[in-house]
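Read off the chains here:
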Amino acid sequence: MQLSSHPSMTQVARLLAQCGLPSDDILPEDLPNFVLASDGESEVGVGGVQVLGSSGLVRSVGVLPSHRSRGLGGRLLAAVEDRARSQGVKQLFLLTHDAQSFFLAHGYTESSRHSAPPEIQGCSQFGSSCCRTATLMCKQVEA
């Protein structure tokens, strides 16, 4: 598996759709903080982070069903966390409906939505209709 940076919006949107995840609120300025996973010529996974000051919102870590259970999601998540840390992010947040166990295994904890800092509560994903009932999780990433 190969990880690469700076995927196009088309690549991100296609992979997220194949993983059943939304992409409509990902902005072009967020793309430098996305990582793409490839298996030969095929794109098989994606992950990204939206940097919001010293906080970051993990966005859309997804792996195609045919490539799951191989550790690729963990590699993508680690790359996204490294990217966030290199930009001064101290705490990462994410919203999920069904991947709590994956993120718990990678050091995230469930958190009250009211405890999120204003920059996280104010982002479009936090208030979107698909994420209003999602579980908020967080992780400290300071060096």
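This is a predicted model, so every value here is computed, not measured.

Visitor: Requested: an account of the overall build of the protein, with residues and values cited.
Guide: When helices and strands are tallied, the protein shows 5 helices and 7 strands. Going from the N terminus to the C terminus, the protein shows its helices and strands as β-α-β-β-β-α-β-α-β-α-α-β. Relative to its length of 143 residues, the protein is compact, with a C-alpha radius of gyration of 14 Å against a globular reference of 15 Å. Principal-axis analysis of the C-alpha atoms gives the protein an extent of 40 × 35 × 30 Å. The buried share among the 143 residues of the protein stands at 48%.

Visitor: I'd love a proper account of helix α1 (residues 9-18), names of residues and values included.
Guide: Looking only at α1, the buried set comprises Gln11, Val12, Leu15 and Leu16. Looking straight down α1, one finds its buried side chains confined to an arc of 120°; they lie on one side. Of the exposed residues in α1, the ones pointing more than 90 degrees away from its buried face are Thr10 and Ala17. After α1 finishes, the residue Gly20 shows a positive phi value of roughly 75°.

Visitor: Break down the pattern of salt bridges for me, citing the residues and quoting the values.
Guide: Tallied over the full model, the rule gives 4 salt bridges. Residue Lys139 pairs with Glu81 through a salt bridge whose shortest N-O separation is 3.2 Å. A residue pair is termed long-range when its members are at least 10 positions apart, and Lys139 in strand β7 (residues 135-140) and Glu81 in helix α2 (residues 72-86) qualify at 58 residues.

Visitor: Tell me about the nonpolar core, and please be specific about residues and values.
Guide: Membership of the largest hydrophobic core comes to 30 residues, with the highest contact counts inside it found for Val12, Val46, Val58, Leu76, Leu92 and Tyr108. Only α1, β2 (34-39), β3 (42-52), β4 (55-63), α2 and β5 (91-96) provide two or more residues apiece to this core. For this core, the element with the most residues is α2, which contributes 6 residues. If you look at the next biggest cluster of nonpolar residues, it comprises 11 residues, including Leu57, Leu95, Ala134 and Leu136.

Visitor: Quick one: what's the story with the sheet that holds β4, residue by residue and with numbers?
Guide: Strand order in the open sheet made by the 7 strands is β1-β2-β3-β4-β5-β7-β6, with mixed pairing throughout. Every interior strand has two partners, whereas the edge strands, β1 (2-5) and β6 (109-111), have only one. Neighbouring strand axes in the sheet, compared pairwise and without regard to direction, differ in orientation by 30° on average. Pairing analysis gives 7 bridges linking β3 to β4, with the strands arranged antiparallel. Each residue of the ladder has a partner; that of Leu52, found in β4, is Ser55. Sitting on the sheet, α1 is in contact with β2, β3 and β4, with an inclination near 110° to β3.

Visitor: With reference to specific residues and values, describe the pairing of β3.
Guide: Sheet faces and side chains relate simply in a regular strand, where the side chains alternate between the two faces. Of all the 11 residues making up β3, 8 are buried; the element is thus mostly covered by neighbouring parts of the structure. As defined by bridge partners, β2 adjoins β3 across 6 bridges and the pair is classed as antiparallel. Opposite Ala37, over in β3, you have Gly45 as the bridge partner. What sits between the antiparallel neighbours β2 and β3 is a turn of 2 residues, in which Gly40 has the positive phi angle 70°. The turn joining β3 and β4, which pair antiparallel and follow one another in sequence, is formed by 2 residues; a positive phi near 70° is taken by Gly53.

Thresholds applied
- Residues numbered from 1 in each chain as written.
- Predicted model: local features only at pLDDT ≥ 70, side-chain atom pairs only at ≥ 80, totals over all residues.
- Heavy atoms only, no water.
- Helix = DSSP H or I, 4+ residues; strand = E, 2+ residues; numbered from the N terminus.
- Rg over C-alpha atoms; globule rule 2.2 N^0.38 Å.
- Buried < 20%, exposed > 50% of the residue type's maximum accessible area, 1.4 Å probe, protein only.
- Arc of directions from axis to C-beta.
- Salt bridge = Lys/Arg side-chain N within 4 Å of Asp/Glu carboxyl O.
- Core = buried A, V, L, I, M, F, W, Y, C linked by side-chain atoms within 4.5 Å.
- Pairing = 2+ DSSP bridges.
- Axes fitted to C-alpha atoms, helices over the stretch in contact; angles between N-to-C directions.
- Contact = heavy atoms within 4.5 Å.

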